[in-house]
Every structure is written in structure tokens, then in C-alpha cells.
Amino acid sequence: MQSKDLYPKAIAVYEAVLTLMHHGKDITTLTVADIARAAGIGKGTTYDYFSSKEEIIAKSLIYGYKMLLEKIVRSMAEEKTLETKIRSLLETAAKYENTGSMFEKVMMMVSSSKEMQVYIKSIFEEEQINISYFTKVVDDFIQCAVKEGILPDTYDQKYVPYVFLSLLQTIFGPMNCVLNRLNMADQEMQVQYLYKMTVAALQSK
């Protein structure tokens, strides 16, 4: 049986919350009635799926985060070379910063709401969100590197994943986010440097 979290009306609620956040609505003053109205459903209907506003916000945040990760996986899969996959990730990171970082706003609320912290922690632990998506990205990188002859068919299965995890941390890490936000990063230069650094790291062992 499909989880209520994935029913169309529940997803409509997530999308409504994310849209309201994107347009600068103050999540701390947002009401369930506001969310229901934006989702096009009755206020009472929301309680068929959620127990509180905090649960709605927390699950909407997780939904938005998963959508971002799925977008990263899809955009990478469409690229055929290691270099263009790196470019795709850099473009995604830059676009994420240009949205005004709506997730940062909600995290301020999370820090003061124990209920939301519990929801978010339980979902991350139960679904292992980061692990599942990052594993897909790293596997995509590895398969591409093997195809291009950058990696042999047999490679160090402990070392190589760390190289690509380090690449992801560089692209989505705080320093690169600041550079993107201030428009200080030359994307093509970043692509070339990160590509060369990654190939050098892969071939150094």
C-alpha cells in the first residue's frame, strides 16, 4: 500500500509549502489554513495526512531536498563524460544558490522546534537519503571514469569513492556556495580545475 506521504494531496501540500517559501513567506507565521489554501485543498483534509504544521514543514523540506537530489542524479545521467558531469553538478550548485536558499530559512525554524528536528532526523535515518543518492552519483562517476579509461576495470574500491565524495564536497561545500552567491566563481575555470584534479587523484594510486 502506498504511504500517505506520497498521495497526490500530500504532494500538493509539499509543493505549496515550497512555493510559499520560494516567494519569501515567513514559515514561522504561516498557518495550516494558508498552506491548505495554496495547495487547493480544505484545511481539514491536511489533517488526514499530517498531525501538525511542524510535520507539514518538516516533510516538505525533506521532499524538496529529495527533489533536488533526484535532479542532480538525472542531470548527471544525461551527460556522457566525466568533464560534462562535473559541469552539470556545478551548474546545479549555482542554480541552487540563486534560488535564495529557501532551505536555509526553514532550517532556522528547525533549530528552534524539537518536533521538526525529530521528524527530519527520523526520515533521514529511516530512508538513508544522503547515502542512497550520493551512492548513485558516485557510481555514475565511477562507471564513466572506467569507460573513458581514466580508471582500470579493477580499481581500489575504498579509495576511488572517496575521491568522488571529495569532489561532491568541493562542489556543494560552503566555500563554493559563497563564491556562487557572490558571482565570484568562473564556472569554466572550475570545471577544468576540478576535472584535472579528479583525474590526477584517480591516477595517483
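Refer to the structure presented above.
Residues numbered from 1 in each chain as written. Predicted model: local features only at pLDDT ≥ 70, side-chain atom pairs only at ≥ 80, totals over all residues. Heavy atoms only, no water.

Caption draft 1: Seen up close, the pattern of salt bridges. Here the structure, examined in full by the defined rule, presents five salt bridges. The salt bridge partner of glutamate 55 is lysine 59, with a shortest N-O separation of 2.7 Å. Pair noted here: glutamate 55 and lysine 59 are both in helix α4 (residues 53-78), with a separation of four residues, about one helical turn. Exposure class is identical for glutamate 55 and lysine 59. Each is buried. One salt bridge in this structure joins lysine 85 and aspartate 140, with 2.8 Å as the shortest N-O distance. Highlighted residues: lysine 85 in helix α5 (residues 82-98) and aspartate 140 in helix α8 (residues 129-147), separated in sequence by 55 residues. We note that lysine 85, like aspartate 140, is buried. One continuous salt-bridge network, built from bridges that share partners, spans Glu83, Arg87 and Glu188. (Salt bridge = Lys/Arg side-chain N within 4 Å of Asp/Glu carboxyl O. Helix = DSSP H or I, 4+ residues; strand = E, 2+ residues; numbered from the N terminus. Buried < 20%, exposed > 50% of the residue type's maximum accessible area, 1.4 Å probe, protein only.)

Caption draft 2: Highlighting the packing of helix α1 (residues 8-22) against α4. Packing of α1 against α4 leaves a shortest axis separation of 9 Å and a crossing angle of 85°. Here α4 runs roughly perpendicular to α1, going by the angle between their axes. Packed against α1, whose contacting residues are Ile11, Val13, Tyr14, Glu15, Val17 and Leu18, the element α4 presents Ile56, Ile57, Lys59, Ser60, Tyr63 and Gly64 at the interface. When the residues that make up the contact of α1 with α4 are grouped by side-chain class, the tally is eight nonpolar, two polar and two charged. (Axes fitted to C-alpha atoms, helices over the stretch in contact; angles between N-to-C directions. Parallel < 35°, antiparallel > 145°, perpendicular 65-115°, else oblique. Contact = heavy atoms within 4.5 Å. Nonpolar A, V, L, I, M, F, W, Y, C, P; charged D, E, K, R; others polar.)

Caption draft 3: Structural view of the packing of aromatic side chains. Enumeration over the complete set of coordinates arrives at five aromatic pairs. Ring plane angle 5° and centroid distance 4.8 Å describe the contact between phenylalanine 141 and phenylalanine 164, whose orientation is recorded as stacked. Here phenylalanine 141 is found in helix α8, whereas its partner phenylalanine 164 is found in helix α9 (residues 159-172), with 23 residues between them in sequence. Accessibility assignment for this pair places phenylalanine 141 and phenylalanine 164 in one class, buried. (Phe/Tyr/Trp six-rings, centres within 6.5 Å; stacked < 30°, edge-to-face > 60°.)

Caption draft 4: A look at the nonpolar core. In this structure, Leu82, Ile86, Phe141, Phe164, Ile171 and Leu202 are the most contacted members of the largest nonpolar core, which totals 28 residues. Listing elements by their share of this core, those giving two or more residues are α4, α5, α8, α9 and α11 (187-203). In terms of residues, this core owes the most to one element, α8, which gives seven residues. Among residues more than four places away in sequence, those in contact with phenylalanine 164 are Leu82, Val138, Phe141, Ile142, Ala145, Thr198 and Leu202. (Core = buried A, V, L, I, M, F, W, Y, C linked by side-chain atoms within 4.5 Å.)

Caption draft 5: Molecular detail of the environment of alanine 36. Among the secondary structure elements, alanine 36 is positioned in helix α2 (residues 32-39). Measuring from C-alpha to C-alpha, the distance between alanine 36 and threonine 46 comes to 6.8 Å, with 10 residues separating the pair along the chain. With residues up to four places along the chain from it excluded, the contact list for alanine 36 reads Ile41, Gly42, Lys43 and Thr46.

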